[in-house]
Amino acid sequence: MTKVRIFVTYKQSVFDPQGETITEAVHSLGHNEVKEIKVGKFFDVTIDSREKEVGESVKEISEQLLVNFNLETYRYEIMEED
Amino acid sequence: MKIAVIVFPGSNCDIDLYEALHTVCDADVEYVSYKQDNLDGFDAVMLPGGFSYGDYLRCGAIARFSPIMPAVIEFAKNGKPVFGTCNGFQILTEVGLLPGALKRNNSLKFVCKTVELTVENTNTPFTSLYKKGEKINLPIAHADGSYYADEELLAELEENGQVVFRYSKENPNGSLNDIAGITNKQGNVLGMMPHPERAVEMLLGNEDGLRVFKSLLEEGKVKG
């Protein structure tokens, strides 16, 4: 089994109102070193790599469902492999 | 003309749509469950507002997997009229029948109020009884109604006259180009965030939405 984490975030060109609000809140705590915060989401997915190559599986589920390509983009990391 | 109102788990404006058509317009309308898989005998399809599948993942994203959706897609591809309001609009973008996407309001708040709109295109099955440039007032009630399309797509929508309704006095959600409703390129699929079905008789305080349904019924008469 392979555990992967798929990160989905807004494309750089898309306004992220949550990220902006959190950035303002962080500034009000005095953290002026923080220049930008972007909010996204992640999916922890366990894949049986004997049934399908992991990269191919991630690409397919991301493109078919997890990501709306009008707004979002994604990347993934392999968390655990055995 | 026989009209289908699709009912998804989590729809909550299906009765409003049905009553606007049945009680107010005396139209032939039927509820169609998301579990059905065909739309034989129907001449128009309406997707209601609400929170289909709990808005899980993204608003409208899971409704795509309902058994009825392949029939809705085929219906739209055959050039027949398809209308979606609010969650219905979100579903139409998620299934790819309408371009672009709807995202969280810039204010991050659920906005429930009446807003002024400009009718930009009257050459659709749903707006033929309005006047181009007319100002109307309709209720909105959504948290995820901020229309987004990239620059190229926005320019294309404007050039093709696919923007049908635009917020005129204030932009309540951050929609690009103040977009409140669009059609597909062919013009037979309309999605809009405002709720015309909640403004169909003076008892409700407003009847500016009535002509969306009357326009469709007129279209039905012309086409037989």
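The coordinates are above.
Conventions we followed
Just so you know, the residues in each chain are numbered from 1, in the order the chain's sequence is written. As a convention, the first chain written is A and the first ligand written is 1, with the rest following in written order. Since the coordinates come from a predicted model, pLDDT governs what is reported: local features require at least 70, and pairs of side-chain atoms require 80 or more to be given and counted, while whole-chain, interface and lining totals use all residues. Only hydrogens and water are set aside; all other atoms, that is, all heavy atoms of the structure, feed into the side-chain values. We call two residues contacting when some pair of their heavy atoms lies within 4.5 Å. Throughout, buried area stands for the accessible area (probe radius 1.4 Å) lost by two parts on being put together, summed over both. Any Lys or Arg side-chain nitrogen found within 4 Å of a carboxyl oxygen on Asp or Glu counts as a salt bridge. Definition of a polar contact: a pair of N or O atoms within 3.5 Å, with one able to donate and the other able to accept a hydrogen when the atoms are protein atoms, and with sequence-neighbouring residues admitted only if both atoms are side-chain atoms. Here a strand is any run of E in DSSP of at least two residues, a helix any run of H or I of at least four, and the numbering for each starts at the N terminus. Residue classes follow a fixed rule: Ala, Val, Leu, Ile, Met, Phe, Trp, Tyr, Cys and Pro count as nonpolar, while Asp, Glu, Lys and Arg count as charged, and any other residue, Gly among them, counts as polar. Pairing of aromatic rings covers Phe, Tyr and Trp, the last counted by its six-membered ring, and requires centre-to-centre distances within 6.5 Å; plane angles under 30 degrees mean stacked, over 60 mean edge-to-face, and any other angle means tilted. Exposure categories follow from relative accessible area, calculated using a 1.4 Å probe and restricted to protein chains: below 20% of the type maximum is buried, above 50% is exposed, and the middle band is partly exposed. Over a ring means this: the NZ of a Lys or the CZ of an Arg is within 6 Å of the ring centre and within 35 degrees of the ring normal.

Brief notes about the interface of chain B and chain A
Here is step 1: Residue-level contacts link 15 residues of chain B with 17 residues of chain A.
Here is step 2: Summing both sides of the interface, chain B and chain A together bury roughly 1,300 Å²; the carbon and sulfur share of this comes to 59%.
Here is step 3: Arg58 of chain B is paired through a salt bridge with Glu72 of chain A; the nearest N and O atoms lie 3.9 Å apart.
Here is step 4: Taken together, chain B and chain A are joined by eight residue pairs in polar contact (both at pLDDT 80 or more).
Here is step 5: With three residues, the single largest contributor to the side of chain B that touches chain A is strand E5 (residues 101-103) of chain B.
Here is step 6: By residue class, the composition of the side of chain B that touches chain A is seven nonpolar, three polar and five charged.

Notes on the packing of aromatic side chains
Here is step 1: Within the structure shown, the criterion is met by eight aromatic pairs over all chains.
Here is step 2: An angle of 15° between the planes, with centres 4.5 Å apart, marks the rings of Tyr18 of chain B and Tyr31 of chain B as stacked. With Tyr18 of chain B in helix H1 (residues 14-24) and Tyr31 of chain B in strand E2 (residues 28-33), the pair connects residues that are 13 residues apart, well separated along the chain.
Here is step 3: Taking relative accessible area as the criterion, Tyr31 of chain B reaches 37% and is therefore assigned partly exposed.
Here is step 4: Aromatic side chains Phe83 of chain B and Phe126 of chain B sit 5.5 Å apart centroid to centroid with 40° between the ring planes, which places their arrangement in the tilted category. In this pair, Phe83 of chain B sits in strand E4 (residues 82-85) while Phe126 of chain B sits in the loop between strand E6 (111-119) and strand E7 (135-142), placing the two residues 43 residues apart along the sequence. Of the two residues, Phe83 of chain B and Phe126 of chain B, neither departs from the other in class, the shared state being buried.
Here is step 5: Members of the aromatic cluster, joined through ring pairs, are Phe83, Phe126 and Phe213 of chain B.
Here is step 6: A cation sits over an aromatic face here: Arg5 of chain A above Phe42 of chain A, 4.3 Å from the ring centre.
Here is step 7: Directly above the aromatic system of Phe42 of chain B lies the positively charged group of Lys2 of chain B, at a separation of 4.9 Å from the ring centroid.

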